[in-house]
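Read off the chains here:
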Amino acid sequence: MRFVYCKNYDEMSKKIAEDLIQEIRQNPEIVLGLATGSTPEGTYEYLVKAYEEGTVDFSKVTSVNLDEYKGLGPDDDQGYRYFMNHHLFDHVNIDKANTYVPNGLEEDSDKACSEYEAIIENVGGIDVQLLGIGGNGHIGFNEPGEIFIKGTHCVDLAESTLKANARFFDSIDDVPKQAYSMGVGNIMSAKKVILAVSGKNKAQALYDTLYGDITPKVQASILQLHNNVVLYADEDALSIIKEKGLL
Ligand code: F6R
């Protein structure tokens with residue numbers, strides 16, 4: 001795992017955007033695996049800025065997102081398709097026909113998941129996967145459990161995830177209880193993984209991910225087995241690792 005130290009959230013966002021821009025320049029037809037949530041918002045802002053300045057071209061880029069709440073459609077402002085349009089796709093020259101998010105409106109979970117698996121296969125797999133991490137160590141919506149799940153699946157969201165994500169909804173009762181998520185197999189098949197971690201509330205999860213056992217109880221710990229992960233972490237996220245004298 002390569003490690004890029006960042007002073008704060010802004011520096012992390014900027015450095016990740018630079019990394020992604022470099023990747024897009026090297027391979028204009030790149031397939032990006034994208035994430036939602038607070039972590040990548042700053043990165044997307046920097047990408048939009050770079051596009052406006054003419055330094056990056058998204059016209060041939062394809063994207064596949066990690067996850068979507070079951071029950072939320074593309075126009076739902078808490079949904080992840082809406083998030084991606086709002087934060088990135090509406091502001092750059094990506095062809096939206098080449099951007100994929102699981103179909104939250106498909107009630108048949110098996111169908112939604114097998115269709116998404118087919119999409120990932122049809123685009124030829126993921127070149128660079130951008131990941132955030134949950135306070136409980138989840139990646140995508142692969143929640144702590146007894147096993148690692150390989151492909152796209154329907155997840156019962158953990159209580160801690162419902163609580164963490166309630167900030168985006170009027171109340172915790174409005175947070176959908178299920179989501180469609182890529183599995184860790186999809187994530188691990190990406191040629192390169194960019195892991196973005198910011199904030200004290202992620203410090204324990206980051207410590208467990210890097211120094212703990214490889215266990216489905218901390219889903220991100222499987223990244224120890226990936227041979228091309230670049231970790232961008234800020235000072236707050238590294239606080240526990242530092243306290244333990246590991247940095
Ligand atoms: C988002 C996703 C999640 C988030 C994680 C962290 O598509 O799959 O794993 O990356 O929950 O969320 P934030 O960045 O909001 O702290």
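What you see is a predicted model; the values in this text were computed from it and never measured.

Participant: Sorry if this is basic, but what is going on with the overall build of the chain here?
Facilitator: When helices and strands are counted, the chain shows 8 helices and 10 strands. Here the chain has a C-alpha radius of gyration of 17 Å; the compact-globule value for 247 residues is 18 Å, and the two agree. When each of the 247 residues of the chain is scored for burial, the buried share is 54%. Long-range pairs, those at least 24 residues apart, make up 79% of the contacts in the chain between residues at least 6 apart in sequence.

Participant: Looking at this structure, I do not really get the site of the ligand. What am I missing?
Facilitator: In the vicinity of the ligand lie 14 residues, with Thr-39, Asp-67, His-138, Gly-140 and Lys-202 positioned nearest. The side chain of Thr-39 places a nitrogen or oxygen atom 2.4 Å from an oxygen atom of the ligand. Taking Gly-140, its main chain carries an N or O atom lying 2.7 Å from an oxygen atom of the ligand. Within the complex, 93% of the 410 Å² of free accessible area of the ligand lies under protein. A per-class count over the shell around the ligand returns 3 nonpolar, 8 polar and 3 charged.

Participant: Mind showing me how you'd approach the pairing of strand β9 (residues 192-197) here?
Facilitator: Each regular strand displays side chains that alternate between the two surfaces of the sheet. Across the 6 residues of β9, 6 count as buried, placing the element largely inside the fold. Burial of β9 is two-sided: the residues Lys-192, Ile-194 and Ala-196 facing one way and the residues Val-193, Leu-195 and Val-197 facing the other way are all buried. Pairing geometry for strand β6 (residues 128-131) and β9, over 4 bridges, is parallel. Paired with Gln-129 across the bridge in β9 is Val-193. In the sheet, β9 pairs with strand β10 (residues 229-234) via 5 bridges, with the strands oriented parallel. Note on β10: the bridge partner recorded for Val-193 is Val-229. Since β9 and β10 lie parallel, the crossover through helix α7 (residues 203-211) that links them has a hand, and here it is right-handed.

Participant: Just to check I follow, could you spell out helix α2 (residues 41-52) for this structure?
Facilitator: An α-helical turn contains 3.6 residues, so any two residues separated by three or four positions project in the same direction. Taking 1.5 Å of rise per residue, the 12 residues of α2 would be expected to cover 16 Å, and the 17 Å separating its terminal C-alpha atoms lies within 8% of that figure. For α2, the full list of buried residues reads Gly-42, Thr-43, Tyr-44, Tyr-46, Leu-47, Val-48 and Ala-50. Residues of α2 that are buried make contact with α1 (9-26), β2 (31-34), α3 (80-87) and β6. One or two residues past the end of α2 sits Gly-54, with phi positive at roughly 80°.

Participant: Please clarify how α1 should be interpreted in this entry.
Facilitator: Taking 1.5 Å per residue as the helical rise, α1 with its 18 residues ought to reach 26 Å, and the 26 Å between its terminal C-alpha atoms agrees with that figure. Along α1, the residues classified as buried are Glu-11, Met-12, Ser-13, Ile-16, Ala-17, Asp-19, Leu-20, Ile-21, Glu-23 and Ile-24. At its buried positions, α1 is contacted by β1 (2-6), β2, α2, β6, β9 and β10. The N-capping residue of α1, defined by a side-chain oxygen 3.2 Å from the backbone nitrogen of Asp-10, is Asn-8.

Participant: Just to check I follow, could you spell out the sheet that holds strand β7 (residues 153-156) for this structure?
Facilitator: With antiparallel pairing, the 3 strands of this open sheet are ordered in space as β4-β8-β7. One side of each edge strand has no neighbouring strand; the edge strands of this open sheet are β4 (67-69) and β7. Along the sheet, successive strands turn relative to each other by an average axial angle of 25°, direction set aside. For β7 and strand β8 (residues 178-181), the ladder comprises 4 bridges, and the chain directions are antiparallel. In the strand pairing of β8, Asp-156 is matched with Gln-178.

About the criteria used
Residues numbered from 1 in each chain as written. Predicted model: local features only at pLDDT ≥ 70, side-chain atom pairs only at ≥ 80, totals over all residues. Heavy atoms only, no water. Helix = DSSP H or I, 4+ residues; strand = E, 2+ residues; numbered from the N terminus. Rg over C-alpha atoms; globule rule 2.2 N^0.38 Å. Buried < 20%, exposed > 50% of the residue type's maximum accessible area, 1.4 Å probe, protein only. Contact = heavy atoms within 4.5 Å. Near = heavy atom within 4 Å. Polar contact = N/O pair within 3.5 Å; in protein donor to acceptor, adjacent residues only side chain to side chain. Areas by Shrake-Rupley, 256 points an atom, 1.4 Å probe, with all protein chains shown as cover. Nonpolar A, V, L, I, M, F, W, Y, C, P; charged D, E, K, R; others polar. Pairing = 2+ DSSP bridges. Right-handed = clockwise from strand over helix to strand, strands pointing away. Expected span 1.5 Å × (residues − 1). Axes fitted to C-alpha atoms, helices over the stretch in contact; angles between N-to-C directions.

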